[in-house]
Amino acid sequence: MKIFITGGTGAIGRPLIAELLAKGHAVVALTRSEEKAHALTEQGVEPAIADVFDADAVKAVVARARPDVVIEQLTALPKTYTRESMSAAAPFNRRIRLEGGANVLAAAQAAGVRRYLRQSVAFYAVPGAGLADEETPLSIDASPAVAADARVLSEIEHRLLGTPNIEGIVMRYGFFYGSGTWFNPDGDVAQQVRQQQFPIVGSGEGVWSWLHIEDAAIATVSAAEQGNPGIYLVVNDEPLAVRQWLPSFAKWLNAPPPPQISVEDALKGSGADAVYYGTQMRGASNAKAKRELSFQPRPLEWIGKHRWRN
Ligand SMILES: NC(=O)c1ccc[n+]([C@@H]2O[C@H](COP(=O)([O-])OP(=O)(O)OC[C@H]3O[C@@H](n4cnc5c(N)ncnc54)[C@H](OP(=O)(O)O)[C@@H]3O)[C@@H](O)[C@H]2O)c1
């Protein structure tokens, strides 16, 4: 198939392009930069140079590419994962998803694209007992930043799934780890854990569902090839509470054990979003992705011999 990808030069885009090429697909990737366009060409990818906020330019490059499938992976995330950097990046990150995404979707419609995949988030499911599934709504009443992101993502999911004449597929990814992410040993969270700046909040019962960035790529290519229109939760097999994964992660990094702080102190120092991630977040089920996409996620690499038992 011919696939047009936005965000192809970013953290998820890089392994996604590698997987698409390995599966024999022809790939056209959007970028703003001549330099990245050159690197894409060297990889065997056809670059399409445009800014996603320039609706006419996006329409022109998608029309020229005539793809069967569009995959949208646009983000504007910071290099560091702190309250300040995430707050500073959030408005533009929401705008690129809403406005940039609208331009890409309109261009795909105009070009008669058959299928359109876009990224969303597995870890904003409404908190509750057990694992979230694809029917679980996003948590639009959660802590401020989570709620704001969840509202934008809900709107974008509805927009895509309600677009006529296009097979819309939403990939709700878990927490990325692996190369180019905050949780890689060279990433920002790993650095914070080494400096004991990434605490367990309260009793650490927030449940995180993880996803290796290369498994995200594999599942996305599978969805492009054989998925059904609708939502897929794409996460690994073992959702883990913070009190389980964080001490094991620290051990794996040869870092000191993480500190523990009270919910009150977390609220004062880091805000309600830190309490959401630390104590309220709900894990997600990958049953549908396994059933329909033959998804086989790898085990989390810092669990196993580094497993911390409570
Ligand atoms: N869970 C995690 O740990 C996680 C997950 C993702 C990212 N991150 C972190 O977040 C930081 C940035 O990640 P990233 O690589 O995804 O982000 P990035 O370098 O900002 O890339 C975002 C992608 O969106 C594209 N893009 C952004 N604005 C655009 C525009 N106006 N028009 C067209 N395309 C546009 C970029 O294309 P061009 O630049 O080629 O134009 C790029 O492909 C990294 O430090 C990474 O570690 C962490």
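In this text the structure is predicted, and so the values were computed from the model without any measurement.

Undergrad: Looking at this structure, I do not really get the overall build of the protein chain. What am I missing?
TA: Looking only at helices and strands, the protein chain features eleven helices and 13 strands. Computed over the C-alpha atoms, the radius of gyration of the protein chain is 19 Å, within 12% of the 19 Å expected from 2.2 N^0.38 for a compact globule of 310 residues. Oriented by its inertia axes, the alpha-carbon framework of the protein chain measures out at about 55 × 40 × 40 Å. Per-residue burial for the protein chain yields a buried fraction of 48% across its 310 residues. Residue pairs in contact within the protein chain that sit at least 24 positions apart in sequence constitute 75% of those at least 6 positions apart.

Undergrad: Just to check I follow, could you spell out the packing of helix H4 (residues 83–110) against helix H5 (residues 144–161) for this structure?
TA: A pair of packed helices can be characterised by two numbers: the angle between their axes and the separation between those axes. Orientation of H4 relative to H5, taken along the N-to-C sense of each, is 5°, at an axis distance of 11 Å. Taken together, the axes of H4 and H5 are roughly parallel relative to one another. Here Met86, Ser87, Ala90, Arg94, Arg97, Leu98, Gly101 and Leu105 of H4 lie close against H5, whose contacting residues are Ala145, Ala148, Asp149, Val152, Ile156, Arg159 and Leu160.

Undergrad: Just checking my understanding: could you explain unusual backbone geometry for this structure?
TA: The phi torsion of most residues other than glycine is negative, and most of the peptide bonds are trans. Despite not being glycine, Gln196 has its phi angle at roughly 55°, a positive value. Mapped onto the elements, Gln196 comes out in the loop between helix H6 (188–194) and strand S8 (200–201). Since 13 C-beta atoms lie within 10 Å of it, Gln196 is described here as partly exposed. A positive phi angle, near 60°, is found at Asn254, a position not held by glycine. Summarising the element assignment, Asn254 is placed in the loop between helix H8 (242–252) and strand S13 (260–261).

Undergrad: Explain the sheet that holds strand S1 (residues 2–6) here, please?
TA: Backbone-to-backbone hydrogen bonds join strands into a sheet, with any given pair of strands oriented parallel or antiparallel. Here we have seven strands laid out as an open sheet, ordered S3-S2-S1-S4-S5-S6-S11, and parallel in their pairing. With partners counted over all chains shown, the strands left at the sheet margins are strand S3 (46–49) and strand S11 (230–234), one partner each. Sheet twist, expressed as the average angle between the axes of neighbouring strands with direction ignored, equals 20°. As judged from the four bridges shared by strand S2 (residues 26–31) and S3, these two strands associate in the parallel manner. Note on S3: the bridge partner recorded for Leu30 is Ala48. Contacting S2 and S3, helix H2 (residues 34–43) crosses the sheet at an angle of about 165° to S3. Contacting S1, strand S4 (69–72), strand S5 (115–121), strand S6 (167–173) and S11, helix H7 (residues 213–226) crosses the sheet at an angle of about 165° to S6.

Undergrad: I tried to follow the pairing of S6 on my own but got confused; where do I start?
TA: Sheet faces and side chains relate simply in a regular strand, where the side chains alternate between the two faces. Within S6, six of the seven residues are buried, which leaves it mostly tucked inside the rest of the structure. For S5 and S6, the ladder comprises seven bridges, and the chain directions are parallel. Residue pairing across strands places Gln119 opposite Met171, the latter belonging to S6. Taken together, S5, H5 and S6 form a β-α-β motif whose crossover is right-handed. With five bridges joining them, S6 and S11 adopt parallel strand pairing. The residue bridging Tyr173 from the neighbouring strand is Val234, located in S11.

Undergrad: How should the site of the ligand be read in this particular structure?
TA: Around the ligand, the surrounding shell holds 28 residues, and the nearest of these are Gly10, Thr31, Val52, Phe176 and Thr181. Going through the elements one at a time, S2 and strand S7 (175–177) are the ones with two or more residues in the shell around the ligand. By residue class, the composition of the shell around the ligand is twelve nonpolar, twelve polar and four charged.

Undergrad: Got a minute to help me understand the packing of H5 against helix H10 (residues 272–280) in this structure?
TA: H10 packs onto H5 with a crossing angle of 80° between their chain directions and a minimal axis gap of 6 Å. Viewed along their axes, H5 and H10 adopt a mutual orientation that is roughly perpendicular. The segment H5 lies against H10, with Pro144, Ala145 and Val146 engaging Ala272, Asp273 and Tyr276.

Undergrad: What should I look at first to understand H5 in this one?
TA: Owing to its 3.6 residues per turn, the α-helix aligns residues three or four sequence positions apart on the same side. Compared with the 26 Å implied by 1.5 Å per residue over 18 residues, the 26 Å span of H5 between its first and last C-alpha is a close match. Turning to H5, its buried residues number three or more, namely Val146, Asp149, Ala150, Val152, Leu153, Ile156, Glu157 and Leu160. Projection of H5 onto a plane perpendicular to its axis shows the buried side chains occupying an angular sector of 165°, all on one side. Where H5 is buried, its residues touch H4, S5, S6, S11 and H10.

Undergrad: What am I meant to see in the environment of Glu238 here?
TA: With respect to the helices and strands, Glu238 occurs in the loop between S11 and strand S12 (240–241). Classification of Glu238 as partly exposed rests on a count of 14 C-beta atoms within 10 Å. Linking Glu238 and Gly283, residues 45 residues apart in sequence, is a C-alpha distance of 8.8 Å. Ignoring any residue separated from it by four or fewer positions in sequence, one finds Glu238 in contact with Pro299, Leu300 and Ile303.

Reading the values: rules and limits
- Residues numbered from 1 in each chain as written.
- Predicted model: local features only at pLDDT ≥ 70, side-chain atom pairs only at ≥ 80, totals over all residues.
- Helix = DSSP H or I, 4+ residues; strand = E, 2+ residues; numbered from the N terminus.
- Rg over C-alpha atoms; globule rule 2.2 N^0.38 Å.
- Buried ≥ 20, exposed ≤ 12 C-beta atoms within 10 Å, placed from the backbone.
- Contact = placed C-beta atoms within 7 Å.
- Axes fitted to C-alpha atoms, helices over the stretch in contact; angles between N-to-C directions.
- Parallel < 35°, antiparallel > 145°, perpendicular 65-115°, else oblique.
- Pairing = 2+ DSSP bridges.
- Right-handed = clockwise from strand over helix to strand, strands pointing away.
- Near = placed C-beta within 6 Å.
- Nonpolar A, V, L, I, M, F, W, Y, C, P; charged D, E, K, R; others polar.
- Expected span 1.5 Å × (residues − 1).
- Arc of directions from axis to C-beta.

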